[in-house]
Amino acid sequence: MKEDYYELLGISKNATAAEIKKGYRKKAIEYHPDKNPGDAKAEEMFKKAAEAYEILSDPNKKARYDQYGHAAFEGGGGFNGGGMNMDDIFSQFGDIFGSAFGGGGGFSGFGGFGGGGQRRVKGSNLRIRVKLTLDEVANGVEKKVKVRRKIKADGVTYKTCTTCNGAGQVTKITNTILGRMQTAAACSTCGGSGQILDKRPSDADAHGLKVAEETVSIKIPAGVEEGMQLKVSNKGNEAPGNGIPGDLLVAIETVEHDSLKREGDNLHYDLYVSISEAVLGTSKEIDAVGGKVRIKLEPGIQSGKILRLRGKGISSLNGYGTGDLLVHVNVWTPKELNKEQKDFFERMQGNDNFEPKPEKSDKSFFEKVKDMFS
Ligand SMILES: [Zn+2]
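Quantities reported herein were computed from a predicted structural model and do not represent experimental measurements. (Residues numbered from 1 in each chain as written. Predicted model: local features only at pLDDT ≥ 70, side-chain atom pairs only at ≥ 80, totals over all residues. Heavy atoms only, no water.)

S.K.: Where do I start with the overall build of the chain in this structure?
M.R.: The helix and strand inventory of the chain stands at ten helices and 15 strands. Looking at the chain as a whole, 38% of its 374 residues are labelled buried. At a minimum sequence separation of 6, the contacts of the chain that also span at least 24 residues come to 66%. When the accessible surface of the chain is summed, it comes to about 22,100 Å², and 49% of that surface belongs to carbon and sulfur atoms. (Helix = DSSP H or I, 4+ residues; strand = E, 2+ residues; numbered from the N terminus. Buried < 20%, exposed > 50% of the residue type's maximum accessible area, 1.4 Å probe, protein only. Contact = heavy atoms within 4.5 Å. Areas by Shrake-Rupley, 256 points an atom, 1.4 Å probe, with all protein chains shown as cover.)

Quick look at the structure:
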């Protein structure tokens, strides 16, 4: 079970953006690796706080988290939406701490991660789309997809970059009217990784990488929606040298069902019955996720009645329960009648059994809808 992001930052659920920032700043200082050298627990807390801040500081992600909880970012299995590496965390700091860190405000820098401030180069992310049927959305599914990703070629080796001596960045000193200015820029020889290609196999590109096709298994949780994006860590392109692989970003697309309409975790189905079926009662096979189900209609069922099949909807993304299947009963009125039928209905004109006598249980459609969502 993952800790609540608000609790991790020691703030309340209705904290303002400023309070979220303040909460994170406090935790980041408390658990900073430089303050807790060799303390794995502190490092863990440091990462968790950063993850919590990454989500809560982004209005879109925060809204999703508030609605779905952790499930919004990880469907269990292969995903870890929040999994941040130290580089991600430290790049977050510019925003939070401003110059407090750069100006030597008590921290010695970020040594210990990637060696003397050197950034580990991350491979680029790959994006794919996955199309899901309603059945797959309802119960979750594991998809195997073929991905063409860059990986290190067999036998490739790297050596320390001679331009930057492995630092990944070069320092330039320029004289300006304000005095001597020192600026650091990523090393252009090695692209910031501190390493360059040593032995290049014949099938490798200039970075020692080659393209390979790989089958990646993606575990998609039940209840996802069109437009959501899932992340499979480390399944993007690999990076040269000691860099880390990018991620595989999976965009969810959904195929519309022929007869079932989704609304949140509930499904709606329009059922049409004849007048005689409504009068005499009947049993009907209707579409549901995972196949057909048979339902019984009592004699005298009214048009507009909504039958609720509990638990026959979509399993919720946050793991709490499953929606229902709501069957809307529509009685079909014939447009043409033969003489015999016409005579019959004419005889029934004014017959007491045919007179509408709505009871309390035959509420109007709007009252039913109101009940359903209250
Ligand atoms: Zn270099």
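That covers the picture; the talk isn't over yet.
S.K.: Which parts of the structure should I look at to understand the packing of helix α3 (residues 40–56) against helix α4 (residues 59–68)?
M.R.: Packed helices, taken two at a time, are described by the angle between their axes plus the distance between the axes. The interhelical angle for the contact between α3 and α4, taken along N-to-C directions, is 105°, at an axis separation of 6 Å. Taken together, α3 and α4 sit at an angle that is classed as roughly perpendicular. Of the residues in α4, those touching α3 at E54, I55 and L56 are K61, K62 and Y65. Of the residues contributing to the contact of α3 with α4, the split by class is three nonpolar, no polar and three charged. (Axes fitted to C-alpha atoms, helices over the stretch in contact; angles between N-to-C directions. Parallel < 35°, antiparallel > 145°, perpendicular 65-115°, else oblique. Nonpolar A, V, L, I, M, F, W, Y, C, P; charged D, E, K, R; others polar.)

S.K.: I keep staring at the sheet that holds strand β8 (residues 229–232) and nothing clicks. Help me out?
M.R.: Two orientations exist for strands paired in a sheet by backbone hydrogen bonds: parallel and antiparallel. Across the sheet, which stays open at both edges, the three strands sit in the order β1-β9-β8 with mixed pairing between neighbours. Strands with a single pairing partner mark the edges of an open sheet, and in this sheet they are β1 (126–132) and β8. Here the average twist between neighbouring strands, direction ignored, is 30°. Where β8 lies against strand β9 (residues 248–254), four bridges are found, and the strand directions are antiparallel. Note on β9: the bridge partner recorded for Q229 is A251. (Pairing = 2+ DSSP bridges.)

S.K.: Explanation requested: the pairing of strand β4 (residues 169–176) in the structure shown.
M.R.: Regular strands have side chains that alternate between both faces of the sheet. The sheet contact formed by β4 and strand β5 (residues 179–186) spans eight bridges and is antiparallel. The residue bridging N175 from the neighbouring strand is R180, located in β5. The turn joining β4 and β5, which pair antiparallel and follow one another in sequence, is formed by two residues.

S.K.: Help me out: how do you make sense of the pattern of salt bridges in this one?
M.R.: Oppositely charged side chains can pair when the atoms bearing their charge come close. Summed over the entire model, instances satisfying the criterion amount to 20 salt bridges. Salt-bridge contacts for K231 lead to D247; the nearest nitrogen and oxygen are separated by 3.7 Å. In this pair, K231 sits in strand β8 while D247 sits in the loop between β8 and β9, placing the two residues 16 residues apart along the sequence. Each of the two residues, K231 as well as D247, counts as buried. (Salt bridge = Lys/Arg side-chain N within 4 Å of Asp/Glu carboxyl O.)

S.K.: How do you make sense of the sheet that holds strand β10 (residues 260–263) when you look at a structure like this?
M.R.: In spatial order, the strands read β10-β11-β15-β14; together these four strands make up an open sheet with mixed pairing. Taken across any chain shown, the strands that pair with only one partner, and hence form the sheet edges, are β10 and β14 (306–309). Strand-to-strand, the axes of this sheet are offset by a mean angle of 30°, without reference to chain direction. One ladder, built from four bridges, connects β14 with strand β15 (residues 325–332); its direction is antiparallel.

S.K.: Please clarify how the nonpolar core should be interpreted in this entry.
M.R.: One recurring pattern in soluble globular proteins is that nonpolar side chains are buried together. Counting residues in each nonpolar core, the largest one holds 63 residues, and the members touching the most others are L9, I218, L248, I286, L325 and V327. The greatest single-element share of this core, amounting to nine residues, is contributed by α3. Ignoring anything within four residues of it in the chain, the contact list for L325 reads L260, L267, H268, Y269, I286, D287, A288, L307, R308, L309, K312 and G313. Ranked by size, the runner-up nonpolar core spans five residues in total, among them C161, C164, C187 and I196. (Core = buried A, V, L, I, M, F, W, Y, C linked by side-chain atoms within 4.5 Å.)

S.K.: Explain the UniProt feature "binding site: Zn(2+)" (unreviewed entry) in the chain here, please?
M.R.: The residues that UniProt annotates with the feature "binding site: Zn(2+)" (unreviewed entry) are C161, C164, C187 and C190. The greatest C-alpha distance among the annotated residues, which extend across 30 residues, is 9.1 Å, indicating that they converge on a single site. Relative to the helices and strands, C161 resides in the loop between β3 (157–160) and β4. When neighbours within four sequence positions are excluded, C161 is seen to be in contact with G166, C187, T189, C190, G194, Q195 and I196. In this structure, C187 sits in the loop between β5 and β6 (195–199). On the basis of relative accessibility, which here comes to 1%, the residue C187 falls in the buried class. The contacts of C187, once residues within four sequence positions are left out, are C161, T163, C164, G168, Q169, V170 and G192. (UniProt positions renumbered as here; feature names shortened; annotations may be inferred.)

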